[in-house]
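Observations on the model geometry
Residue strings, one per chain:
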Amino acid sequence: MTDISKTTVTPPVKKGASGKKNRLLLMLLPVLVAVLLLLVPTPDGLEPHAWHFFAIFVGVIVGLIFEPLPGAVIGLTGVVVIALFSQWLLFSPAELADPKFKMASQSFKWAVSGFGNSTVWLIFGAFMFAAGYDKTHFGRRLALILVKYLGRRSLTLGYAIMFADLLLAPFTPSNTARSGGTIYPIIANLPPLYGSKPNDPSARKIGSYLMWVAIAATCITSSMFMSALAPNLLALGIVKSITGISISWGSWFLAFLPVGLLLLLTMPLLAYWLYPPEVKTNDEVPRWATAELVKLGRMSLHEILLLVFVCSALAMWIFASSFIEPAMAALLVVVLMLWTGVLNWNDITSNKPAWNTFAWFATLVALADGLSRTGFIAWLGKEGAATMGGISPGTATIVLLLAFFLLHYLFASTTAHTTALLPAMLTIGAAIPGINMQVFCLLMVTSLGIMGIITPYGTGPSPIYYGSGYLPTKDYWRLGTIFGAIFLAALLLIGYPWMIMMF
């Protein structure tokens, strides 16, 4: 019988002078975009340093899109440039005029602030969980069980991933913990069983499809349940404080129900059509998986310990988030794995994807925070309110939702997006006569999960799947645009009329 886990790797094509020239142009493009924006006069009402910061931020985003260098290098470069020239890019004249203000130390504190972000550490913990699944072969065992019963068709595997996320979502207020820490470590073991390898042409056999289904599923479930995403809970507090409107778990679920059901039932199929796996069916795979399970034998002690640790982390994420930060729960499990020998310290230090993602996402969190710190987001909200005069309530609702959704391109954190933009949007909406604020608030808050699909940094699990090696940069941005448009259209065309009818 043919070993389906082996595949032929195409030798890399050597880059000549043309390739080096193209790479140089791509390296210069982010710099050129940033310089051009710096030369544009500062808009009225905005501090010059805020506009200059925005110019560098846009340059970083352009660099992340075309990726002439690794994403972590692009992000770190942006942070270092802003910190070095913080007098003109980060701090206001009032801050600089304060004799007690120490610019050098404050610049450094801002530059490294992202490395203290809890979501960044939760992402790092998720990579360590994946390392444990791999080293103990427990992930392989789970993957083989899935393949045994659902592996004949690639499409059924996609639906299995979606249902797994759906079952966990109502009880896990962190999509990073749910998808990155629980789903990803399992499905990362599936592609090699089909001869699909990361960072290789064989990735499209099935790995790319499965990874995209997983990140799309968690974005949908994050919007479907109030308790499925931490910023959802933050959003409720903001809505209550600004508008006085209270949104219950049931009303949230009911408001998004038709959109959520439609997207969940069709998303794996849409991905199957728009990003088709090369492997459609394989009758030998389930039989091979059964034989491999026999070879694995009974579960080892380390597999049992890993299962206990992971279930403990899941229990803490679901039931004890008010007592222990999800990121701390993940680090606790990592420590337990180290003490019991499930992992050793070399497994931690040699995990290049984990450290790469850690550095990349930390710099983006700092950059996104800087947009709010400099006052750029506040100015954006003020200008938006001034342009909405004379617009009908229905049109204003749609325009504001579109702006709220699309501005997520500027954020590497849904929490930062919620904190920075939701108050401005609610303030603008409340100032428009005749607008249905209950519906408007529900549209805003239920969009928080699905907007995470549009970029490889849009929500906690995104960098994990982007860093898996199965979703190339151009594919991620293209699919993010397509699925983001589909998700937004469903919310506007189905969710909006439904909410008006119900509320």
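Quick look at the structure, then.

Thresholds applied
- Residues numbered from 1 in each chain as written.
- Predicted model: local features only at pLDDT ≥ 70, side-chain atom pairs only at ≥ 80, totals over all residues.
- Heavy atoms only, no water.
- Helix = DSSP H or I, 4+ residues; strand = E, 2+ residues; numbered from the N terminus.
- Rg over C-alpha atoms; globule rule 2.2 N^0.38 Å.
- Buried < 20%, exposed > 50% of the residue type's maximum accessible area, 1.4 Å probe, protein only.
- Contact = heavy atoms within 4.5 Å.
- Areas by Shrake-Rupley, 256 points an atom, 1.4 Å probe, with all protein chains shown as cover.
- Phe/Tyr/Trp six-rings, centres within 6.5 Å; stacked < 30°, edge-to-face > 60°.
- Lys NZ or Arg CZ within 6 Å of the ring centre and 35° of its normal.
- Salt bridge = Lys/Arg side-chain N within 4 Å of Asp/Glu carboxyl O.
- Polar contact = N/O pair within 3.5 Å; in protein donor to acceptor, adjacent residues only side chain to side chain.

**Section: the overall build of the protein chain**
- The secondary structure content of the protein chain amounts to 24 helices and zero strands.
- Computed over the C-alpha atoms, the radius of gyration of the protein chain is 23 Å, within 12% of the 23 Å expected from 2.2 N^0.38 for a compact globule of 503 residues.
- The principal-axis extents of the C-alpha atoms in the protein chain amount to approximately 70 × 60 × 45 Å.
- When the 503 residues of the protein chain are sorted by exposure, 53% land in the buried category.
- Taking contacts inside the protein chain between residues at least 6 apart in sequence as the whole, the part at least 24 apart equals 80%.
- Per element, the accessible surface of the protein chain, about 21300 Å² overall, is 69% carbon and sulfur.

**Topic: the packing of aromatic side chains**
- Applying the stated criterion across every chain yields a total of 25 aromatic pairs.
- On the numbers, 5.7 Å between centres and 90° between planes, the contact of Tyr 466 with Tyr 476 is edge-to-face. Taken together, the positions of Tyr 466 in helix H23 (residues 462-466) and Tyr 476 in helix H24 (residues 473-502) put the pair ten residues apart, joining distant regions of the chain. For the pair Tyr 466 and Tyr 476, a shared accessibility class is recorded, and that class is buried.
- Members of the aromatic cluster, joined through ring pairs, are Trp 212, Trp 360, Tyr 466, Tyr 476, Phe 483 and Phe 487.
- Lying over the aromatic face of Tyr 272, Lys 280 brings its terminal NZ or CZ to 5.9 Å of the ring centre.

**Comments concerning the pattern of salt bridges**
- What the rule picks out here adds up to six salt bridges.
- Ionic pairing is found between Glu 292 and Lys 295, a salt bridge with its closest N-O pair at 3.1 Å. Separated by three residues within a single helix, Glu 292 and Lys 295 lie in helix H14 (residues 284-296), roughly one turn from each other.
- Classification of Glu 292 as buried rests on a relative accessible area of 13%.
- We classify Lys 295 as exposed; its relative accessible area is 65%.
- For Asp 475, the salt bridge goes to Arg 478, with nearest N and O atoms at 3.9 Å. Taken as a pair, Asp 475 and Arg 478 lie in helix H24 at a separation of three residues, close to a single helical turn.

**A few points about the side chain of Thr 374**
- One can find Thr 374 in the loop between helix H18 (352-373) and helix H19 (376-387).
- Thr 374 sits in the buried class, given a relative accessible area of 7%.
- Here the side chain of Thr 374 touches Leu 371 through a polar contact of 3.3 Å, landing on its backbone oxygen.
- Those residues in contact with Thr 374 that sit more than four places away from it in its chain are His 49, Ala 50, Phe 53, Leu 89 and Leu 90.

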